[in-house]
2 protein chains.
Amino acid sequence: MGSTETGTAESGPMARALAEARAAGARGEVPVGAVVTGPDGAVLAACGNAVEAGADASAHAELLAMRAAAAGRGSRYLDDCTLYVTLEPCPMCAQAASLFRIRRVVFGAYDPKGGGVEHGPRIFDAASCHHRPEVVGGVREREAAALLRDFFAGLRGV
Amino acid sequence: MGSTETGTAESGPMARALAEARAAGARGEVPVGAVVTGPDGAVLAACGNAVEAGADASAHAELLAMRAAAAGRGSRYLDDCTLYVTLEPCPMCAQAASLFRIRRVVFGAYDPKGGGVEHGPRIFDAASCHHRPEVVGGVREREAAALLRDFFAGLRGV
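About the cut-offs
- Residues numbered from 1 in each chain as written.
- Chains lettered and ligands numbered in written order.
- Predicted model: local features only at pLDDT ≥ 70, side-chain atom pairs only at ≥ 80, totals over all residues.
- Heavy atoms only, no water.
- Buried < 20%, exposed > 50% of the residue type's maximum accessible area, 1.4 Å probe, protein only.
- Helix = DSSP H or I, 4+ residues; strand = E, 2+ residues; numbered from the N terminus.
- Pairing = 2+ DSSP bridges.
- Axes fitted to C-alpha atoms, helices over the stretch in contact; angles between N-to-C directions.
- Contact = heavy atoms within 4.5 Å.
- Least-squares fit on C-alpha atoms with pLDDT ≥ 70 in both.
- Phe/Tyr/Trp six-rings, centres within 6.5 Å; stacked < 30°, edge-to-face > 60°.
- Lys NZ or Arg CZ within 6 Å of the ring centre and 35° of its normal.

Engineer: Pulling in residues and values, what's your account of the pairing of strand β1 (residues 33-37) of chain B?
Structural biologist: Regular strands show a simple pattern: their side chains alternate between the two faces of the sheet. All names here are of chain B. Burial analysis of β1 places 5 of its 5 residues in the buried class, the great majority of the element. On β1, burial covers both faces: Gly-33, Val-35 and Thr-37 on one face and Ala-34 and Val-36 on the other are all buried. Across 5 bridges, the pairing between β1 and strand β2 (residues 43-48) is antiparallel. By the bridge assignment for β2, Thr-37 is matched with Val-43. The turn linking β1 back onto β2 is made up of 5 residues, and Gly-41 within it adopts a positive phi angle of 85°. Relative to strand β3 (residues 82-87), β1 is paired through 4 bridges, and the arrangement is antiparallel. Bridge pairing links Ala-34 to Val-85 in β3.

Spelled out as structure tokens, the structure:
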């Protein structure tokens, strides 16, 4: 884990995203959290999944965080911003990152079943993708994956 | 054009989506409109693009319409609903349609540059796609395409 990417283990944007993921899990949401930081590293938005709360299948943590960051700046471009998210973005969120022109995507756990960056349609690799962020995967992967594993084990009652 | 899909030329959900597209264009948005109908054909939501208005790069007409329809029903599943949209959905919106479990997607103009259904990452064809709506493309294609063509010609001052 590069400290320049994530701060120390207990501070920094990925720690904040993990905290958002835990809070989401406590609300009965799939525990995924996301943070958008500006060019100076300041947190512009931090969100957890809110799919159940809002009856909104699109309310993934990273889409909410990008929308909040853009709204807060009054600009639909986040081209000097980094998105931190505890799980590999799905194709919807990867394409949204491209539409918001996010400069860099840092994610935690890889998602072979639902991911859209390193798996599935690999959104940023499509010839038709107009903006490709830098991508760093696997940051604090074990913690992010453990949160999800424990959540789904709990649902199954194991 | 099948009348069961779209009503008559001047009524029906695709006509309504085209009206939303025109209204969006008049607001300075890329002229795309979308409608979600329920199992009885009733309009649950109708939206135009609102990317500029809300500084929200994800505020595509069809994502807004699906969110509004789901919120109105208090359910994040739209598995008995049809999405009508004047332009082939981008990969973000196609994946959102899958997440909302939309039953059927009916679109107007094909979008070789930005589309994500028949072009680009072809979201519904990915092995990792968990829900594949029925897809009907090219409904009132010429009208939908003309709206976009005229809008972009206007921006270029031609």
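On we go from here.
Engineer: Residues and numbers for the sheet that holds strand β3 (residues 82-87) of chain A, please.
Structural biologist: Residues and elements named next belong to chain A. In spatial order, the strands read β2-β1-β3-β4-β5; together these 5 strands make up an open sheet with mixed pairing. Of all the strands in the sheet, the pair left with one neighbour each is β2 (43-48) and β5 (134-136). For this sheet, the mean angle separating the axes of adjacent strands, direction not counted, is 15°. Relative to β5, strand β4 (residues 104-109) is paired through 3 bridges, and the arrangement is parallel. What sits directly across from Arg-104, in β5, is Glu-134. Lying on the sheet, helix α2 (residues 12-26) is in contact with β1 (33-37), β2, β3 and β4; it crosses β1 at an angle near 145°. Together, β1, β2 and β3 form the strand contacts of helix α3 (residues 61-73), whose direction differs from that of β2 by roughly 150°.

Engineer: Mind laying out the relation of the copies chain A and chain B, listing which residues take part and the relevant values?
Structural biologist: After a rotation of 180° and a shift along the axis of 0.0 Å, chain A superposes on chain B with an RMSD of 0.0 Å. Both chain copies can therefore be described as sitting about a two-fold axis. Closest to the rotation axis within chain A is the C-alpha of Met92(A), separated from it by 1.9 Å. Mapped onto chain B, 100% of the interface residues of chain A again fall at the interface, so both copies present the same surface.

Engineer: Got a sec to walk through the packing of aromatic side chains? Specific residues and values, please.
Structural biologist: Residues and elements named next belong to chain A. Counted according to the given criterion, the structure contains 4 aromatic pairs over all chains. Considering the side-chain rings of Phe-151 and Phe-152, the 5.3 Å spacing of their centres and the 85° angle between planes classify their relative orientation as edge-to-face. Stacked on the ring of Tyr-77, the Lys or Arg Arg-101 has its end atom at 3.9 Å from the ring centre.

On their own, these measurements won't tell you what the molecule is for.
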